[in-house]
Structures are given as C-alpha cells and as structure tokens.
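# Structure at a glance
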Amino acid sequence: MGKNTRLRPIMLAGTGSDVGKSIIATALCRIFLQDGYAPAPFKAQNMALNSFVTPDGKEIGRAQAVQAEACRLNAETDMNPLLLKPTAEHTTQVILNGVPIGNRSAYDYFKKENRQHLRQEVCQAFDRLNTRFNPIVLEGAGSISEINLRETDIVNMSMARHANANVILIADIDKGGVFASCYGSIMLQTPEDRALIKGIIINKFRGDIRLFEKGKQMMEEICGIPVLGIVPMFDHIAIDEEDSVQLRGKRHTLSHDKVNIAVVLLRHISNFTDFNVLERDNRVNLFYTNSPKDIEAADIIILPGTKSTLDDLYELRRNGLVSSIIRAHKAKKTIIGICGGFQILGQAIHDPLGIEGSIQSLPGIGLLSIETTMDATKKTRQVEFEFGGTRCKGYEIHQGVSTTDQLILQEGSCIGTYLHGFLDNPSVIEYILKDKVKKESETFNLEDFKERQYDLLAEHIRKHVDLPKLYEIMRV
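This is a predicted model, so every value here is computed, not measured. (Residues numbered from 1 in each chain as written. Predicted model: local features only at pLDDT ≥ 70, side-chain atom pairs only at ≥ 80, totals over all residues. Heavy atoms only, no water.)

A sheet is described by the order of its strands in space; here six strands give the open sequence 15-13-16-18-24-23, paired in mixed fashion. Sheet topology places strand 15 (284-289) and strand 23 (408-411) at the edges, where each strand pairs with a single neighbour. With strand direction ignored, the average angle separating the axes of adjacent strands in the sheet is 15 degrees. Where strand 23 and strand 24 (residues 414-417) come together, four bridges link them in antiparallel fashion. From the neighbouring strand, Ile 408 faces strand 24, where its bridge partner is Thr 417. Each of strand 13 (259-264), strand 16 (300-303), strand 18 (334-338) and strand 24 touches helix 12 (residues 321-330); the most contacted strand, strand 18, lies at about 130 degrees to it. (Pairing = 2+ DSSP bridges. Helix = DSSP H or I, 4+ residues; strand = E, 2+ residues; numbered from the N terminus. Axes fitted to C-alpha atoms, helices over the stretch in contact; angles between N-to-C directions. Contact = heavy atoms within 4.5 Å.)

Position of Ala 40 among the secondary structure elements: in strand 2 (residues 40-42). The sequence separation of Ala 40 and Asn 130 amounts to 90 residues, and the corresponding C-alpha distance is 8.5 Å. Residue contacts for Ala 40: discarding those within four places in its chain leaves Cys 71, Leu 73, Leu 129, Phe 133, Pro 135, Ile 136 and Val 137.

Once that is clear, we can look at the packing of helix 1 (residues 21-34) against helix 15 (residues 446-464). Contact geometry for helix 1 and helix 15: axes closest at 8 Å, N-to-C directions at 95 degrees. Between helix 1 and helix 15, the angle is such that the two are roughly perpendicular. Contact with helix 1, carried on its side by Ile 23, Ile 24, Thr 26, Ala 27, Arg 30, Ile 31 and Gln 34, involves Glu 451, Tyr 454, Asp 455, Leu 457, Ala 458, Ile 461 and Arg 462 of helix 15 and no other residues of that element. Its residues placed into classes, the contact of helix 1 with helix 15 shows eight nonpolar, two polar and four charged. (Parallel < 35°, antiparallel > 145°, perpendicular 65-115°, else oblique. Nonpolar A, V, L, I, M, F, W, Y, C, P; charged D, E, K, R; others polar.)

Below, the discussion takes up the nonpolar core. Counting residues in each nonpolar core, the largest one holds 60 residues, and the members touching the most others are Ile 261, Val 264, Leu 278, Ile 302, Leu 303, Phe 422 and Leu 423. When residues in this core are grouped by element, the largest group, five residues, is from strand 13. Ranked by size, the runner-up nonpolar core spans 53 residues in total, among them Val 122, Ile 144, Ile 202 and Phe 212. (Core = buried A, V, L, I, M, F, W, Y, C linked by side-chain atoms within 4.5 Å. Buried < 20%, exposed > 50% of the residue type's maximum accessible area, 1.4 Å probe, protein only.)

Among the residues making up helix 16 (residues 467-474), those that are buried are Leu 467, Leu 470, Tyr 471, Ile 473 and Met 474. Around the axis of helix 16, the buried residues are gathered within 155 degrees of arc, so they sit on the same side. On its buried face, helix 16 sits against strand 1 (10-14), helix 1, strand 10 (166-172), strand 11 (197-205), strand 12 (227-232) and helix 15. The opening residue of helix 16 is Asp 466, an N-cap whose side-chain oxygen sits 3.1 Å from the backbone nitrogen of Lys 469. (Arc of directions from axis to C-beta. Polar contact = N/O pair within 3.5 Å; in protein donor to acceptor, adjacent residues only side chain to side chain.)

Position of Asp 281 among the secondary structure elements: in the loop between helix 9 (276-279) and strand 15. Judged by its relative accessible area of 13%, Asp 281 falls in the buried class. Residue contacts for Asp 281: discarding those within four places in its chain leaves Ile 429 and Leu 433.

A surface patch of nonpolar side chains, about 420 Å² in accessible area, is lined by Phe 179, Tyr 183, Met 187, Met 218 and Ile 222. Going through the elements one at a time, helix 6 (178-187) and helix 8 (213-223) are the ones with two or more residues in the nonpolar patch. Considering every element that reaches the nonpolar patch, the biggest residue donor is helix 6, with three residues. Within the fold, Phe 179 resides in helix 6. Residue class for Phe 179 comes out partly exposed when judged on its relative accessible area of 30%. (Patch = residues over 30% accessible without salt bridge, like charges linked within 9 Å, V, L, I, M, F, W, Y side chains within 5 Å. Areas by Shrake-Rupley, 256 points an atom, 1.4 Å probe, with all protein chains shown as cover. Salt bridge = Lys/Arg side-chain N within 4 Å of Asp/Glu carboxyl O.)

Spatially, 20-19-21-22-25 is the arrangement adopted by the five strands of the open sheet, whose pairing is mixed. Where the open sheet ends on each side, the last strands, each with one partner, are strand 20 (361-363) and strand 25 (419-420). With 12 bridges joining them, strand 21 (residues 371-387) and strand 22 (residues 390-402) adopt antiparallel strand pairing. Of the residues in strand 22, the one forming a bridge with Phe 387 is Thr 390. Strands strand 21 and strand 22 of the sheet are contacted by helix 14 (residues 426-433), whose axis makes an angle of about 100 degrees with strand 21.

Before going further, it helps to spend a moment on unusual backbone geometry. Between Asn 134 and Pro 135 the backbone carries a cis peptide bond, its omega angle lying at -5 degrees. Mapped onto the elements of the fold, Pro 135 is located in the loop between helix 4 (116-130) and strand 9 (136-139). Phi at Asn 164 is positive, roughly 55 degrees, even though this residue is not glycine. A positive phi angle, near 70 degrees, is found at Asp 435, a position not held by glycine. Summarising the element assignment, Asp 435 is placed in the loop between helix 14 and helix 15. When its relative accessible area of 79% is taken as the criterion, Asp 435 is described as exposed.

These results come straight from atomic positions and should not be treated as a statement about function.
In structure tokens, the structure reads:
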C-alpha cells in the first residue's frame, strides 16, 4: 500500500489498566510514519497527573504528547480533548480542550446526564483530526469490559463506533489469566462492539515465545480472532512514562562515584518526566525516596511537582521529611523545587477558597522567600529563558500565585522554579552538577536520544507483530 492509501482508524483497547496500550500505540505511530503515512494519536479521555503543555498553552495527557512526538507532530488538544487530573479529596479536575472547566466528584462526572456534552466534544475533536491525518491511532482507557460503565463510556467502544475503528485488544500476559481476560473482554461486548474487535496482541511476554505457540492457537480458537503478535518484555528502550506506578521501583543504593540525586516521592507526584534527562546522565545516580536517611545523604534533593500541594506538604511535615530537607540544606546540599515543590520550599501556602481541599494554610519549608496563594486560574504556557548564557526551554502548568514573578528563584543553595522541563536543558544540568561531578560526562542530545528510542520501539514491534495482517485489517 502506498502512502496515499486511506487506512481505517485503529484503536488499541485493553483487557485492563497498565497492559501496554500507550506504548504499543506509540510504536504504531512511529511505524506508520516510517511507512510513509501521516499518523496522529487520539485518546478521548485520559486520567493522569503527568501532563504536557501544547505550543498554544493548552494542557493534554503526556502519553498523547509522546505519541505525537513519535509522529513528529506538535501536540494539540484534539489529540486528547478530555483530561482528568485526580485531586486529594476524591475529586477530579476536568480539563476540556486543554482548559480546566472545574472540579467534579467521580459520582457527578460519571452520571449519564452529564456526559452528552463531553461526548459531543470528544467526537468533534476526533472528526477534526481525522480530516487531517491518516491513520488515526486511538487509545482506549483501562478495561473495555467494565459493563457497568457502558452507558457513560466515551473513550472505549463507544469511541470506536464513532470512529469506525478496528479494535485490537491488548493483554498483559505477565499479570496472569491472559486467556480469561481476553475471552471475557470479548464476550462481554454487545454483538455490535464485538464485531469491531479484529485482533489480539499479547504483551509483556517473558521467556521463549516458541513455548506459547500452542497457547496462541488456543487463544485464536476460543476468541475467534487472530493473535497478531506476542510482544516480549523489554528494558533496552526508554519511552516517557505517564503513570507513576513504576517510580517506587526506581530506588538505588547510594553511589560512591556519581552525584546522588534524591527526588522526594510525594503521594501526588506529577510530571516526573522532569527528571528523565538527569536519570540518563552517566554522572548521576537518581532515585525516588521518602526516606529521611536517603535525603540527608544525597548531594542534591529535588521536590517535584504535585497535584495536591498542601496535602503533600502536610504529609512531608507528618513523616519528618521537612526536618531532613532543612538539615540537608544546612549541610550545603543543593535543594531544587519544581512547580508545587517550588511552592513547598517557600514560607507559606494559603488556600482560602478551598481550591485543593480542606487545608486552608500551612507554613512551607521556609528555604525560599516566597508565599503562595491558591486561586482558580491555571497557568499553562511554553517558555523560553536564558540560563548560563544559552537559550533554554520549559513549560508552566500550575495553580497558585506566588510573591515573585521570577521564572527561576535562587537563594543560596536552594533553587525554585515553576518551569517543567527546566532540567532538560544542558546548561541547567551543568550548573547544578558543577563541583559535584566525580566522572567525566558523555555528550547527550535529548532530541537524538528520543528519536533513537522511538525507532528502537518500532523495530521491536515490527519484529513481533504481524504488520502485513494489521495493514490488511486497516484497509478501508
């Protein structure tokens, strides 16, 4: 097929959460681009704290921004028209077409009478995207077999129906129960929706794939659709993650020959991709922790962004980490606060309107001379700034007004900024590591690195998924 051939949209749907829908969608975005098409990603509704700001200052889920990058496109709100950001007290901030429209309880959000307007908006976003790109790679959310949510669904099979998309079911074999999860996910659909499911991809396989050949045949027999691929688990490819599930595994012992950087593991941590470049620097040992001992032993301590700043500040006080951070500061360790972490490092945080919840005011850690007052307006924009004589880039996503208009505030060994992506810039990294490095640096180019990872991911999926069969399914 040539690049002018129109392909039917494809949806990656899951037997459950965290089965690998996002990563396989990212791979297919790059594969279709490599094969001469003009793909674009789409997810009607995303729930994540790890978000991204588009060039026009709007907010979308990080996964769709990554998928857009794999397509070599600028991210835009039509790729993720509805974003839900959970808050501390069983409510969710609802972001529609990149702009917050208020906080809702889960009960109110999922009431049938509240869904029609949102359904219309997400369908219109898909329609706009579909006129400009070919093919659209849709991603579902969670499990497609939550039949209690069928009437209010706007992201899974109802979206597949609107898009006239072929659905590929993604299953995580590493979790166990792969036969039951695939068969059950298919059989619980209505006949109309079941007919849209055209294939299965079994993800996260460990061991020799040849040993599952009989299992593949059995899966096809009981489900009545082809198994398009069995994708092995991999650890040689680095793609930005959207969920913080994996962060607790990123714990390391202290290094004697690297700069030890401790990222404080907040309960409501957001935008943890801020630390990906540092994590890949060969001079750095970066780890996530809520251990006072680890924090005091580190060379650099970073307070990351958070969706619930006051709640996390309260927890830091309760578990003794505030005292550890103050002791580290007195020992001349470098302390960095980003976004919510910046606010926490100040003198106080006030929330008189209850934007975040029931805590109205708390003293901050007191290392920076700012105070912050929460308000209902969210600031989202991409930013260019000068640092170390070079032009740098970052982006803001935050609520709250602080008593400074400086993009970067440094007082002694403490640095605060509202800028996500601050630590992606080489001049910033060199500045914070100066006088601490114990080994020479290798040249690292973030753009080149990301491109190589997308190509490696595409190569991995090409090797293990029947792409000719997939293209055959997608022919209009």
